Amino acid sequence: MIFSLEGTEGIIETEQDIKEFVDQEGIRIITFSHLNDDPDLGGAAFLSGSGAFLNLAPWIHQHVLPSGPKCEDTVVNPKGLTDEGKKLARMLVNHKVWIDLTHASDATQRDLIPIMREAGQPLLYTHAVLRKHHGAERGLAQWQIDEIKKNPNSGLIGLLPSEKYLENTKVPKPQCACDDPPGCTGGIHYAVAQYNEMANEIGAKNIMLGSDTNGAVPHLKPTECSSSGTSIDREGFWNIGQTRELWESMKSAGASIPVNTNPGEHFLEKWSLLWKK
């Protein structure tokens, strides 16, 4: 079991905090920024829909006032790491904490990535989707995919199996085996389409199923034209206990998952890199 923390604000901000929560309590993966900017440390990625209200002031500033910076036609948060944020990031990696880039603004990630690279850390996104479909900074842009592609072992993406985050995904026609193509929209078909896109870019062994599966995030609905013989066909994906069935359902629906792949082993391969430097 690996303990993780989503957001450092108010919890881990000093060397003493690191000694307590990392060295003594064993937290080993930390999402540096979560849903809103930390004025002392750095910026968080803008969310889609009602999620924008969680980081409202900077969102308004960039969307309503003079146009802010964009990436892939998506307005992004210009706030990166502060000097204190950079200092904390270096302390964390020195204590063998794996930085999770999920939820960090593009600018914050551009500041964090060199720090992670210097420490020999693979780039980690524990629960992510592609920005080209999601339409908000919270999704992965091509420049982030390109950073992972610089080295076969330099990154790991957890695909977030959530209807909310996958809902605008375009499912390619060859993937759909139904007589009625609309039956191939939603649920497992969205997840498979994004999995295959990611696998084509960075390799299947660098993709896992994302975390947040038992949180407040809505998961995958049952969909037409799904015949894997698992509970996913009838119930959709709604709890972490269905993870093995979700893999099987994705394979049945056309995911390019290699035979005998072991996501746990791939994760541990990346995990081991944290301790080599």
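To be clear, the structure that these remarks concern was listed above.
Residues numbered from 1 in each chain as written. Predicted model: local features only at pLDDT ≥ 70, side-chain atom pairs only at ≥ 80, totals over all residues. Heavy atoms only, no water.

### Looking at the packing of aromatic side chains
Inspection of every chain in the model, using the stated rule, returns 4 aromatic pairs. Judged by centre distance (6.0 Å) and plane angle (85°), the rings of Y195 and W247 are edge-to-face. On the criterion of sequence distance, the pair formed by Y195 in helix α8 (residues 187-202) and W247 in helix α10 (residues 243-252) is long-range, its members being 52 residues apart. Residue class for W247 comes out buried when judged on its relative accessible area of 12%. An aromatic cluster is built from W98, F267 and W271, whose rings are joined through pairwise contacts. A cation over a ring is seen here: R110 above W143, with NZ or CZ 3.8 Å from the ring centre. (Phe/Tyr/Trp six-rings, centres within 6.5 Å; stacked < 30°, edge-to-face > 60°. Helix = DSSP H or I, 4+ residues; strand = E, 2+ residues; numbered from the N terminus. Buried < 20%, exposed > 50% of the residue type's maximum accessible area, 1.4 Å probe, protein only. Lys NZ or Arg CZ within 6 Å of the ring centre and 35° of its normal.)

### A look at the pairing of strand β7 (residues 155-159)
Counting buried residues along β7, 5 of its 5 residues qualify, which places the element largely inside the surrounding structure. Here β7 shows two buried faces, one formed by G155, I157 and L159 and the other by L156 and G158. Across 4 bridges, strand β6 (residues 123-128) lies against β7 in parallel orientation. The partner of L124 across the bridge, within β7, is L156. The pairing of β7 with strand β8 (residues 207-209) spans 3 bridges and is classified as parallel. Looking at the pairing, I157 lines up with I207 of β8. (Pairing = 2+ DSSP bridges.)

So far we have only geometry, and geometry alone does not tell us how the molecule works.
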